[in-house]
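For reference, the chains in residue letters:
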Amino acid sequence: MIKNIVFDLGGVLIDFVPEKYLEHIGCNENDVPLFTQIVFYGKEWNEYNSSKYNIEQTKANLIKNYPQYSDIIERIINNIDYRYILFEKKDTSNYLKKLKDKGYNIYILSDLSIDSYYYNKKFDFFNYIDGGVYSFEIGSTKPNKNNYNTLIEKYNLIPKETVFIDDRLENIKAANKFGIHGIQFISLDILKEKLKYIIRNGDF
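Residues numbered from 1 in each chain as written. Predicted model: local features only at pLDDT ≥ 70, side-chain atom pairs only at ≥ 80, totals over all residues. Heavy atoms only, no water.

A. Summary view of the sheet that holds strand S7 (residues 181-184). Taken in spatial order, the five strands line up as S5-S4-S1-S6-S7 in an open sheet, and their pairing is parallel. Here the strands that pair on one side only, and so sit at the sheet edges, are strand S5 (131-134) and S7. Neighbour-to-neighbour, the strand axes of this sheet turn through a mean angle of 20°, independent of strand direction. Across the sheet, helix H9 (residues 145-155) touches strand S1 (4-7), strand S4 (105-110), S5 and strand S6 (162-166), and the angle it forms with S5 is around 155°. (Pairing = 2+ DSSP bridges. Helix = DSSP H or I, 4+ residues; strand = E, 2+ residues; numbered from the N terminus. Axes fitted to C-alpha atoms, helices over the stretch in contact; angles between N-to-C directions. Contact = heavy atoms within 4.5 Å.)

B. Examining unusual backbone geometry more closely. The amide bond that connects Lys142 to the next residue, Pro143, takes the cis arrangement and shows omega of 10°. Mapping Pro143 onto the fold places it in the loop between helix H8 (135-138) and H9. Even without being glycine, Ser51 reaches a positive phi, approximately 65°. Along the chain, Ser51 turns up in the loop between helix H3 (43-49) and helix H4 (55-65). Given the relative accessible area of 40%, Ser51 is considered partly exposed. Even without being a glycine, Asn156 presents a positive backbone phi close to 50°. Along the chain, Asn156 falls in the loop between H9 and S6. (Buried < 20%, exposed > 50% of the residue type's maximum accessible area, 1.4 Å probe, protein only.)

C. Summary view of the pattern of salt bridges. Considering all chains together, one arrives at 12 salt bridges under this definition. Among the ionic pairs, Lys59 bridges to Glu56, the shortest N-O distance being 3.2 Å. Of this pair, Lys59 and Glu56 both sit in helix H4, separated by three residues, roughly a single helical turn. A relative accessible area of 9% means that Lys59 is categorised as buried. Because the salt bridges share partners, they merge into one network encompassing Asp8, Lys142 and Asp166. (Salt bridge = Lys/Arg side-chain N within 4 Å of Asp/Glu carboxyl O.)

D. Up close: the packing of aromatic side chains. All told, the structure shown has 18 aromatic pairs when counted by the stated rule. Pairing Phe16 with Phe40 gives two aromatic rings, centres 6.1 Å apart and planes at 75°, and the pair type is edge-to-face. Separated by 24 residues along the polypeptide, Phe16 in strand S2 (residues 14-16) and Phe40 in helix H2 (residues 32-40) bring together distant segments of the chain. Pairwise contacts between aromatic rings join Tyr82, Tyr117, Tyr118, Tyr119, Phe123, Phe125, Phe126, Tyr134 and Phe136 into one cluster. For the cation-ring pair, Lys20 lies above Phe87, with the distance from its terminal atom to the ring centre recorded as 4.8 Å. (Phe/Tyr/Trp six-rings, centres within 6.5 Å; stacked < 30°, edge-to-face > 60°. Lys NZ or Arg CZ within 6 Å of the ring centre and 35° of its normal.)

Okay, here's the thing in structure tokens:
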């Protein structure tokens, strides 16, 4: 019997759209894809999400690794504004609330910085969750086994009673190794159908 449903944030409950922020601060549209990858999808940002470095150290690391872009990196980091980066996926968050109302335990397992965590906390769906494990707290990002171990141990979850929803297939595969049912998030309609199947029949 499924009792626990675990959601990722980015790509599932939250749209992470740094492109809008870069446009907001006046980045040339031809440069937006480049700096989206360099700043927000590089190893430096991943280290920031796991609290290996704070935001100022992350900026310094980026400038060290991309000195030719030092001016624009300064502008990106110094003016960072999550209002132009993080957006609630209201259809998914409303579905989360319905699952909670049906009696499921709801958890979050997500990679994000402490700064984005506090911004995300303003969204109403956080009032419906029973707990969470976040990369900035534990010093590792998915698919590191530490993230899944911490979730299971912190909340005494039984893996076969747990479903994990994430947009990245490698994170689903890592959860499967622990015996957790996994659903790769592609769309809300597909999620609903796959979750119904698991609840009725077990795994795929």
